[in-house]
Structure formats: C-alpha cells, structure tokens
Amino acid sequence: SGTINVPYDHYLDGSGPLCASAYRPIPSLLQSRNENIGFRANDKQPCLITPSFNIRQNSDLDADEAAQCLHAYIDHGFNSFQIIDEDDDEIAASSGIYSSLRRQTPKSILDSCLFTSRISSQSDAWDPVIFREKISQSLIKTGGDYLDIVQLQYDKNSPYVLEIMDFLLDLQREGLVLSVSGLDLPTEVISNVCADISPYLLDYNQFSCNVIDQSRLQKYQSLSRDHQCKMLISDPLLGGLLANEYLHNLKEPSLPKLNFGRRKGLKTIRAWAQQMEENYWYAYRTRALGALHRIAAKYEVEISDVVMRWNLELDGVGSIVDDALFRGGEDRFLEPRRLRNAFTFSLDEDDRRIVKELAQLGTTGIKDAGMNFEDAASFLLENQSLWL
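Keep in mind that what you see is a predicted model, and the values were worked out from it rather than measured. (Residues numbered from 1 in each chain as written. Predicted model: local features only at pLDDT ≥ 70, side-chain atom pairs only at ≥ 80, totals over all residues. Heavy atoms only, no water.)

A. Region of interest: the side chain of Asn210. In this fold, Asn210 is placed in the loop between β6 (202-208) and α8 (217-226). Among the polar contacts made by the side chain of Asn210, one reaches the main-chain amide nitrogen of Ile212 at a distance of 3.0 Å. In this structure the side chain of Asn210 is engaged in a polar contact, spanning 2.8 Å, whose partner is the backbone nitrogen of Asp213. Ignoring any residue separated from it by four or fewer positions in sequence, one finds Asn210 in contact with Asp235, Pro236, Leu238 and Leu242. (Helix = DSSP H or I, 4+ residues; strand = E, 2+ residues; numbered from the N terminus. Polar contact = N/O pair within 3.5 Å; in protein donor to acceptor, adjacent residues only side chain to side chain. Contact = heavy atoms within 4.5 Å.)

In structure tokens form, the structure reads like this:
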C-alpha cells in the first residue's frame, strides 16, 4: 500500500517527549547491533520530524537566542536538526550557535541530539586530504568527538561521489562519522553505493516531495525497500502554501511578497494545474486545499498537520525535514507545538487515498508508464511559461 502504521497519542501533552513511535533507530546502527558490524553501538534515535534551519534566512538572530530556540524544540521532544551553512560568514554564524548551545545545554541532553553536517561533493580533482580537512572543520564547528550525520550534497558534475562515499566509510570506521546521508542522490548512485561500497553505509537520502508533486516518491520508496536507505522528505508543505491561511485566499498570493520557498511552491502549483480548465489558484484552493481541509476538520487539526501526518505514514520514511526559522521570545515555542500535532492522530485508508490522488488531479506527480521523472522534468523545462 506504500504506507505503514505509525502509532499516535491522542492525549499527547503540550511539551515533553513524544510517543515512542516518533523515533526510529539509525538503520546502519541497528544493523551493527544485530550483526556486530559498524564502528560503535549507539542508541541515538532521530525523530521522524527534523527541523532544518538555513543560516542565510536567520542571519540577524543572536546565537544565544538561536540556542534557546533549539532548546524549545528539544523540550518538545525533537532531537534531530539540520543547521545549513554555505559561505564563510554563515559557517561563522553556525559556529557561534553550536558554541552557545554547548554552553547552555547539559551534556546528557546534547548527547541525545543529532545534528547534520552538509558537505558538497567535489567537482574538481578528488583530494582526500581536502575532504578530511572539511570533516575536521565540521568537528571544530560542532565541538563533538564525531559528526552525527554527514550529508553529501550531490553534484551531477562531480565524478567522485563513489570515492567520497568510500572515504566516508573509512571515517566511519575511524569513529569520526556516525551516520551517512545523501542529498538528491540519483537512485543509480544509491544502488552503486550499496552494491560496491557497503550495503550498510548510506542511511538516508533527502529529496523534496509534497502532496501536489509526488513525482519522485515512487522510485525512492521502492529503493528504500530494496536497501536500508530511508527517505528524508523535504519541503512537505510546499514552502508553506499547504496551510489553512490560503484556503480562503480568493486571489493568488503576490509574488514580491512571497519568500523563495513559497515562490517555488507557486510554480509547482501552476505546473500541477496547467491542464485544468479553471484558474490554477482556484483549482488549488478548491481541489487540493478543500480536500485536505475536509480531512483536517474530521480530526480537528490543520491542513499542515494532515500533510505532515500523511508523510509520516509513508513506507520507507526516515524523517520529514521541516523548514524552520530561529525565533526569539515566546515565538520560539510556536513551531514545536505545531509539529507535535502530527503525532496526535492517524489517517484512515480513505484519507490516505484522497491525499495520494491529489497529485493525479493534475500533471505533476503522475507516474505514467511512458514518462519517468527525468522525462517529466524535461517536459516542464520545455514549457517554461508554466514557471513564469
């Protein structure tokens, strides 16, 4: 069916640990306990929802306030995080956040959390010395004895992905890396890593997916069944457009007022509705948001909660990556409280079917026998008017 039963707690408190089913063992570490392979037995279990903070979108926040915001998530049961930095200024900012977090957080609490360190694959000559230096810099930044999760960002121009993965396996054996993840790795790369390097190295692969555009879901879900590599699903809320606030917006949002994520989401909606007779925004509100709202009303939750819950129940999911902002003051509690709602109810079979079929109402996300994902992407690029 493509879904699994994720237990829930209808009477979940407003803060504190989530229900036990909200956490899953890291696949390779579970394997190491079972078959005595891998570099250490570790009981860290990441949450099924991972808040992701992009430093570029949080550049004005004080490091101490950012650490307090992370404390709010931890107090609400979330223990896995992504802090994304790219240039030197962003790396310096994230270093300050990690430093403040270590100062303000008991070690036992911090040791139960997992942080992702993202590293891009090299498109120039492969140099293991340079790559080890990147790992060393990440260790200095996070202040730990090892990196929890190293995420390799795929670069189609780099021919060295397998060499890097092999090197990460060596670092894992040395005790410097706990878990390895990919970002937008093609299915053939994942299969090659599992076949040629180690079937237990790659724990996760992250890619974007939402109820409007499910085009990448089928192939990665199939891959997660064949290998231990679990799915990290990012942008589940379409940049924030899958929300109650847009249900009664008769006019489409003004592009200049939208952030990058929502502008990208609007393009996806246009592509989804390009063959419908009615205006794309009207079709989105009435067909997509309307259907989700009817499900949400049944459980007395919001549209975003239904979307998050549907993703949680997908077979092969390792975690749902939720774009988050570092907020100060009392606002830092708002998002953690909202995310907890996904663990307070469960969808029935009809609900899952309705959500799954949303993508099939339009053109985006349909898995036709004669059109694979690359064909669909090419089709959309050739019809650039859909994205303007």
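Following the structure, the description resumes.
B. Examining the packing of aromatic side chains more closely. Across all of its chains, the model carries 14 aromatic pairs by this definition. Seen in terms of ring centroids, Tyr73 and Phe81 are 6.3 Å apart; in terms of plane orientation they differ by 85°. Their pairing is edge-to-face. Phe81 shares its class with Tyr73; the two are buried. Measuring from centroid to centroid gives 6.4 Å for Trp272 and Tyr284, while their planes differ by 85°, and the two rings are edge-to-face. In this pair, Trp272 sits in helix α9 (residues 260-272) while Tyr284 sits in helix α10 (residues 280-299), placing the two residues twelve residues apart along the sequence. Like Trp272, the residue Tyr284 is buried in the burial classification. (Phe/Tyr/Trp six-rings, centres within 6.5 Å; stacked < 30°, edge-to-face > 60°. Buried < 20%, exposed > 50% of the residue type's maximum accessible area, 1.4 Å probe, protein only.)

C. Examining the pairing of strand β2 (residues 80-84) more closely. Among the five residues of β2, five are classified as buried, and the element is accordingly described as predominantly covered. Residues Ser80, Gln82 and Ile84 point to one face of β2 and Phe81 and Ile83 to the other, with burial holding for every one of them. Here three bridges tie strand β1 (residues 49-54) to β2, and the two strands are oriented parallel to one another. Pairing of Asn54 across the sheet is with Ile84, part of β2. Two strands pair when backbone bridges link them, and β2 and strand β3 (residues 114-120) are joined in this way by three bridges, in the parallel orientation. The residue of β3 that forms the bridge with Ser80 is Leu114. (Pairing = 2+ DSSP bridges.)

D. Expanded view of the nonpolar core. Among the nonpolar cores identified, the biggest contains 101 residues, and Ile49, Met165, Tyr284 and Phe343 are the most heavily contacted of them. The element that contributes the greatest number of residues to this core is α10, accounting for ten residues. Excluding anything up to four places from it in sequence, Tyr284 contacts Ile212, Leu238, Leu241, Leu242, Ile269, Trp272 and Leu289. Judged by nonpolar contacts, the second largest core, of nine residues, contains Ile26, Tyr146, Leu178 and Val321. (Core = buried A, V, L, I, M, F, W, Y, C linked by side-chain atoms within 4.5 Å.)

E. The packing of helix α7 (residues 187-197) against α8, seen in detail. Two elements in contact, α7 and α8, have axes whose closest approach is 11 Å; the angle formed by their N-to-C orientations is 10°. When the interaxial angle is binned, α7 and α8 end up roughly parallel. Residues Thr187, Ile190 and Ser191 of α7 form the contact with α8, whose participating residues are Lys219, Tyr220 and Leu223. For the contact of α7 with α8, the per-class residue count stands at three nonpolar, two polar and one charged. (Axes fitted to C-alpha atoms, helices over the stretch in contact; angles between N-to-C directions. Parallel < 35°, antiparallel > 145°, perpendicular 65-115°, else oblique. Nonpolar A, V, L, I, M, F, W, Y, C, P; charged D, E, K, R; others polar.)

F. Geometry of the packing of α10 against helix α11 (residues 303-312). With their axes 8 Å apart at the nearest point, α10 and α11 run at an angle of 90° to one another. As the angle between them shows, α10 and α11 are arranged roughly perpendicular. Facing α10, whose interface residues are Leu289, Leu292, His293, Ile295 and Ala296, α11 presents Ile303, Val306 and Val307. Taken together, the residues of the contact of α10 with α11 sort by class into seven nonpolar, one polar and no charged.

G. Looking closely at the layout of surface pockets. Counted as a void, the largest pocket has a volume near 1500 Å³. Contributing to the lining of the largest pocket are 43 residues, with Gln57, Asp235, Gly239, Gly261 and Asp323 lying nearest its centre. Contributing elements (two or more residues each) for the lining of the largest pocket: β1, β2, β6, α9, β8 (317-324) and α12 (334-340). Residues of the lining of the largest pocket, tallied by class, amount to 14 nonpolar, 13 polar and 16 charged. (1 Å grid on protein atoms, 1.4 Å probe; cavity = no way out; pocket = protein on both sides within 12 Å on 5 of 7 lines; lining within 4 Å. Points joined across faces, edges and corners; volume = space filled by probe spheres on them.)

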